[in-house]
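Secondary and tertiary structure notes
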Amino acid sequence: MAIWPACSGRVLLPPVNRATHYRSHSCGELRAAQAGLEVTLAGWVRRVRKMGVLVFVDLADREGLTQVVFDETVHRELWEAAQELGREFVVQIEGQVRLREAPNPSLPTGEVEVLARSLRIFNASEVPPFKIEDATDGGEELLMRYRYLDLRRPTNQKRLMLRHAVATAVRHYLNAQGFLEIETPFLIKSTPEGARDFVVPSRLHPGHFYALPQSPQTFKQLLMVSGLDRYYQIVRCFRDEDLRADRQPEFTQIDCEMSFVNREDILQMFEGLVRHVFREIKGQDPGPLERITYEQAMRLYGSDKPDLRFGMAIVELKTKDGPDAFAEAGFQVADKAEYIGALCVGGGASFTRRQLDELTDFVKRPQIGASGLMWCRWNPDGSTASSVDKFYDDHRRRQWLERAGGRPGDILLILAGPEAKTRKQLGELRLELARRLNLCAPDTFRCLWVTDFPLLEWDEESARWVAMHHPFTAPLPEDLSLLEKHPGQVRANAYDMVINGTEVGGGSIRIHEAGLQQTLFRLLGFSDAEAWNRFGFLMQAFRFGAPPHGGIAFGFDRLVALLAGTESIRDVIAFPKNNAGRDVMIDAPDRIEEAQWKELHIRPNFPEHHEIP
């Protein structure tokens, strides 16, 4: 089935015959060429307008909206019946298509209307708690409580149609590349490494629990051991973690794995997938994806998921091993700083003192953590000024500006402190400037690969190494010799796909040798017994001949949200949870009956009258 690109805010699905026992046409397909045709429509009454001898009804279904006219001079009884129609009544109307006297150019059906000949009410409706319109008057909690009504709004229906179109495009591409869509289990073994598992008690095995999968990771690797070569699945996954706009306790992944591949094979295959999706859905090709290393991303943008829709790369003015553009001048903040970096803002010399104070307050927020913000302005007349004029003369200020590629009319925003922390602070400031200055054009997409992540990172709280991605990620071959003595210097054979500053996919070449996998488990603090108890099935499988393999998982919800132009993945999920992880429509999670506790051999330890928040 062909997928049409998004056009003027609509996702167009292939034309199909929608005629059924109840209707001859949808509410979105009638055009001027069909004037004079007798039709039957069925749908929901969106709006009723009474104008003397005429009653106008906007009748809607997922395909669109058609205006229906009830004329007292043509059929009085029918006109009287139309007086009783209310919003969201479900009705069937028979009538004749005719040209409108006053066309509505904002509607695809705006050149025609249907003169009603009969009316059948399938179901009357109570007055909805909010307007079923894009510009609704309902608050977020109310919309989620009545999500089935919220989903009638055209914007939400288009988003779910877009979701369907993206899934179809993904399947078409992967099927054509020889991938097999294979289902993996939802009831698995708990392996608490990373996010918390959702656990499911077993009635038949008292005291034992399943876990819901955070990812099908080990199963897709086992499918490669099975010789199935290329696997994919658009699969639900579950993580019991704190929620944000781009997280839900249950979410969907495009999960993929390939055998006998290296990293380049993977990058080429899934770059092709993303370009295919953009061509099918947006009618545009982002072109070959740029590639940068993790080290480059952090040095230039202060983030491992940089937004490249705008420039403003970080300029280093002082580093541990490099030149010091500040030198010691009696300014203790700079003299003692391990690192000083800057952002050059084109045209920023016009920033007011209030704007600079607001940016200073932004970087001093607890979640950013900077102690302050310095600035250096290159005025249009060629003079310079800074917040630290007391310590640095015009010559030194010009050196900073020239090093940053500045020109008259620009400003440098400067942060100082520990290197890694300050880079991240500059990365956050860079994004905030893009928001304030509207540097990202709508419907513009920049896609890139970020590679060569650290394999491990040190966790201060547990005083041990933890996997930056997951414990099945292979080291880069050239770094294997560092694994035992210098694990912090080992780079992962891993890669993330980033679109507009959002990580939409990540993967790696996997470890396929039992000995190397056991070595990594030991570095992560697992005893041999613990590793075997949790992952013995995988290491045993490797002993029976595992091919070199690797893969990737895309956040399907995030990808659809990007294509839909919305910041929250909840907007593209049919029945999402709220920001507390609750489904307020069905009131879940909920208590279970005492008989169920007993049947599951579980004794609750919370107070009897404890209220669920």
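As the structure is a computational prediction, the values presented were derived from the model and not from experiment. (Residues numbered from 1 in each chain as written. Predicted model: local features only at pLDDT ≥ 70, side-chain atom pairs only at ≥ 80, totals over all residues. Heavy atoms only, no water.)

**Section: the overall build of the chain**
Looking only at helices and strands, the chain features 15 helices and 22 strands. If one aligns the C-alpha atoms of the chain with their principal axes, the spans along those axes are about 90 × 75 × 55 Å. Per-residue burial over the chain gives 48% buried out of 613 residues. Taking as baseline every contact in the chain between residues at least 6 positions apart, the subset at least 24 positions apart corresponds to 66%. Counting every atom, the chain has about 30,400 Å² of accessible surface; 50% of that belongs to carbon and sulfur. Taken together, the 76 basic and 86 acidic charged side chains of the chain have centroids lying 1 Å from each other. (Helix = DSSP H or I, 4+ residues; strand = E, 2+ residues; numbered from the N terminus. Buried < 20%, exposed > 50% of the residue type's maximum accessible area, 1.4 Å probe, protein only. Contact = heavy atoms within 4.5 Å. Areas by Shrake-Rupley, 256 points an atom, 1.4 Å probe, with all protein chains shown as cover. Lys, Arg positive; Asp, Glu negative; His and termini not counted. Charge placed at Lys NZ, Arg CZ, Asp CG, Glu CD.)

**Notes on the packing of helix H4 (residues 154-176) against helix H14 (residues 556-564)**
It is the contact of H4 with H14, at a shortest axis distance of 10 Å, that shows an interaxial angle of 120°. Relative to H14, the element H4 is oriented oblique. For the crossing formed where H4 meets H14, the hand is right-handed. Every residue of H14 that contacts H4 at Arg159, Leu162, Arg163, Val166 and Ala167 is listed here: Phe556, Asp557, Leu559, Val560, Leu563 and Ala564. Here the residues of the contact of H4 with H14 are counted per class, giving 8 nonpolar, no polar and 3 charged. (Axes fitted to C-alpha atoms, helices over the stretch in contact; angles between N-to-C directions. Parallel < 35°, antiparallel > 145°, perpendicular 65-115°, else oblique. Left-handed = near helix turned anticlockwise from the far one by under 90°. Nonpolar A, V, L, I, M, F, W, Y, C, P; charged D, E, K, R; others polar.)

**Let's talk about the pattern of salt bridges**
This model, assessed by the stated rule, comprises 45 salt bridges. Lys220 is the partner of Asp255 in a salt bridge, and the nearest nitrogen-oxygen pair spans 3.0 Å. Residue Asp255 is located in strand E10 (residues 250-259), and its partner Lys220 is located in helix H5 (residues 217-225); the two are separated by 35 residues in the primary sequence. For the pair Asp255 and Lys220, a shared accessibility class is recorded, and that class is buried. In this structure, a network of salt bridges that share partners links the residues Arg263, Asp452, Glu478, Asp479 and Arg491. (Salt bridge = Lys/Arg side-chain N within 4 Å of Asp/Glu carboxyl O.)

**Notes on the packing of aromatic side chains**
According to the stated counting rule, one finds 20 aromatic pairs in the structure shown. Put simply, the rings of Phe326, Phe331, Phe391, Tyr392 and Trp400 touch in pairs and so form one group of aromatic residues. The residue whose ring lies beneath Arg377 is Trp375, and the NZ or CZ to ring-centre distance is 4.7 Å. Against the face of Phe310 rests Arg430, its NZ or CZ located 4.0 Å from the ring centre. (Phe/Tyr/Trp six-rings, centres within 6.5 Å; stacked < 30°, edge-to-face > 60°. Lys NZ or Arg CZ within 6 Å of the ring centre and 35° of its normal.)

**Description of the pairing of strand E1 (residues 38-51)**
As judged from the 7 bridges shared by E1 and strand E4 (residues 90-99), these two strands associate in the antiparallel manner. Its bridge partner being in E4, Leu41 is matched across the sheet by Ile93. Counting the residues between successive antiparallel strands, the hairpin from E1 to strand E2 (residues 54-61) contains 2 residues, one of them, Gly52, with a positive phi of roughly 65°. (Pairing = 2+ DSSP bridges.)

**Here we look at the sheet that holds strand E11 (residues 290-293)**
The 8 strands are arranged E6-E9-E10-E22-E21-E20-E17-E11 in an open sheet whose pairing can be described as mixed. Strands at the two margins of the open sheet, each flanked by one partner only, are strand E6 (180-181) and E11. In this structure, E11 lies alongside strand E17 (residues 447-451), joined through 4 bridges in parallel fashion. Across the sheet, residue Ile292 finds its bridge partner in E17, namely Val450. This element, H5, spans strand E9 (230-238), E10 and strand E22 (549-555) of the sheet and lies at about 25° to E10. Strand contacts of H14: E10, strand E20 (494-499), strand E21 (502-509) and E22, with the helix running at about 110° to E10, the strand carrying the most contacts.

**Quick look at the packing of helix H7 (residues 294-301) against helix H11 (residues 419-437)**
Packed helices, taken two at a time, are described by their axes: the angle between them and the distance between them. Contact geometry of H7 with H11 gives a least axis separation of 8 Å together with a crossing angle of 65°. Overall, the two elements H7 and H11 adopt an arrangement that is roughly perpendicular. For the pair H7 and H11, contact is made by Met298, Arg299 and Tyr301 and by Arg423, Lys424, Gly427 and Arg430, respectively. Its residues assigned to classes, the contact of H7 with H11 comprises 2 nonpolar, 1 polar and 4 charged.

**Let's talk about the sheet that holds E4**
Ordered in space as E1-E2-E3-E5-E4, the 5 strands form a closed barrel in which the pairing is mixed. Strand after strand, the sheet turns through a mean of 55° between neighbouring axes, direction not considered. Two strands pair when backbone bridges link them, and E4 and strand E5 (residues 112-123) are joined in this way by 10 bridges, in the antiparallel orientation. What sits directly across from Leu99, in E5, is Val112.

**Comments concerning H4**
The end-to-end C-alpha separation of H4 is 33 Å, in line with the 33 Å expected for 23 residues at 1.5 Å each. Following H4 by one or two positions, Gly178 adopts a phi angle in the positive range, close to 85°. (Expected span 1.5 Å × (residues − 1).)

**Thoughts on the confidence of the model for the chain**
Within the chain, residue pLDDT values average 92, and 95% of them lie at 70 or more. For residues 1-10, every residue scores under 50 in pLDDT, and the model assigns this stretch 27 contacts once sequence neighbours within four places are set aside. (pLDDT = per-residue confidence, 0-100.)

**Quick notes on the side chain of Ser259**
Following the sequence through the fold, Ser259 ends up in strand E10. Owing to a relative accessible area of 7%, Ser259 belongs among the buried residues under this scheme. Among all residues touching Ser259, those that are not within four sequence positions of it are Met224, Asp229, Pro547, Pro548 and His549.

**A short note on the nonpolar core**
Core analysis: the biggest nonpolar cluster contains 77 residues, and Val166, Leu174, Phe270, Ile499 and Phe554 have the highest contact counts within it. The leading source of residues in this core is helix H6 (residues 263-282), at 9 residues. Ignoring sequence-local partners within four residues, the contact set of Phe270 consists of Leu174, Phe179, Cys256, Met258, Trp449, Met497, Ile552 and Phe554. (Core = buried A, V, L, I, M, F, W, Y, C linked by side-chain atoms within 4.5 Å.)

**Focus on the side chain of Asp150**
Position of Asp150 among the secondary structure elements: in helix H3 (residues 147-150). At a separation of 2.7 Å, a polar atom in the side chain of Asp150 contacts the side chain of Arg147. When residues no more than four places from it in sequence are discounted, the contact partners of Asp150 are Phe130, Leu143 and Asn156. (Polar contact = N/O pair within 3.5 Å; in protein donor to acceptor, adjacent residues only side chain to side chain.)

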